[in-house]
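Below, each chain spelled out in residue letters.
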Amino acid sequence: MWYECLPPFVIIGACIAVTGWGLKICDRLFQEGKPSRYSLDKFDERLLARDERITGSRFRQKVTTDFN
């Protein structure tokens, strides 16, 4: 019958979805919650290097300071 083809479609769709979600979770886990950056030019690379010098991380642009 026609409904016999549904389980393979569900299994294949679930595998594709789990792979996509897993990549997104790993991506955000290793990049401090920020999405991937694509097509970076020289200017973007300089900004990332500057952020890394200032904050110690390429993915944060915020510095926490204590003014006591």
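Residues numbered from 1 in each chain as written. Predicted model: local features only at pLDDT ≥ 70, side-chain atom pairs only at ≥ 80, totals over all residues. Heavy atoms only, no water.

An unreviewed UniProt entry annotates the protein as NADH dehydrogenase [ubiquinone] 1 alpha subcomplex subunit 1 of Pocillopora meandrina. We quote the UniProt Function (unreviewed entry) comment for the protein here in full: "Accessory subunit of the mitochondrial membrane respiratory chain NADH dehydrogenase (Complex I), that is believed not to be involved in catalysis. Complex I functions in the transfer of electrons from NADH to the respiratory chain. The immediate electron acceptor for the enzyme is believed to be ubiquinone." Of the comments in the UniProt record for the protein, the one headed Subcellular location (unreviewed entry) reads "Mitochondrion inner membrane". (UniProt positions renumbered as here; feature names shortened; annotations may be inferred.)

Caption draft 1: View of helix 1 (residues 6-30). Look at helix 1: 36 Å from first C-alpha to last across 25 residues, which is about the 36 Å you get at 1.5 Å a residue. One or two positions beyond helix 1, positive phi appears at Glu 32, with a value near 55°. (Helix = DSSP H or I, 4+ residues; strand = E, 2+ residues; numbered from the N terminus. Expected span 1.5 Å × (residues − 1).)

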